[in-house]
Amino acid sequence: MFVRIASQSELPPAGEAKEFSQGDQVICVANVNGTIAAMDNVCLHMGGPLGQGLVERNKVVCPWHGWQWDPKTGKAGHSSEVSVAVYPIKIENGDVLVDI
Ligand code: FES
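Residues numbered from 1 in each chain as written. Predicted model: local features only at pLDDT ≥ 70, side-chain atom pairs only at ≥ 80, totals over all residues. Heavy atoms only, no water.

Engineer: Quick one: what's the story with the environment of Glu 19, residue by residue and with numbers?
Structural biologist: Within the secondary structure layout, Glu 19 lies in strand β2 (residues 17-22). Residue class for Glu 19 comes out partly exposed when judged on its relative accessible area of 31%. Separated by 61 residues in the primary sequence, Glu 19 and Ser 80 place their C-alpha atoms 24 Å from one another. Excluding residues within four positions of it along the chain, Glu 19 makes contact with Val 26, Ile 27, Asn 41, Pro 49, Gly 51 and Gln 52. Reaching out from Glu 19, the side chain makes a polar contact with the side chain of Asn 41 at a distance of 2.8 Å. In terms of polar contacts, Glu 19 uses its side chain to reach the side chain of Gln 52, at 3.1 Å. (Helix = DSSP H or I, 4+ residues; strand = E, 2+ residues; numbered from the N terminus. Buried < 20%, exposed > 50% of the residue type's maximum accessible area, 1.4 Å probe, protein only. Contact = heavy atoms within 4.5 Å. Polar contact = N/O pair within 3.5 Å; in protein donor to acceptor, adjacent residues only side chain to side chain.)

Written out as C-alpha cells, the structure is:
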C-alpha cells in the first residue's frame, strides 16, 4: 500500500539523498539524475544512515565507510548478492508516495 512520506518540494535535488520517516521506519530517497528511488535507510555494513550520503556514479555512498548502494535495485556496489530493500515510489498531485 502506498503511503505519503513527503511533499514533492521536499525531495532531494539531483545527486543527493535524504531521509524520510514513515512510522518507525526510515526511508532513503535518492535523486539519481532526476530519477527518484527509495530504499531502506540502514546500511548493511554497520547500520549507517544511507539517506545522509551523497549520490556518486548512480550509487548512494554510505556516509560512514563508503559502501555503495544502487537505489534502484538495492544492490551493493561490491557484491550483487548483498542488497537492501527497495520500495516503489511515485509522485501524485505533489505528494511523494512509497509502497513500504
Ligand atoms: S555503515 Fe555503511 S559503509 Fe559502514
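Text resumes after the structure shown.
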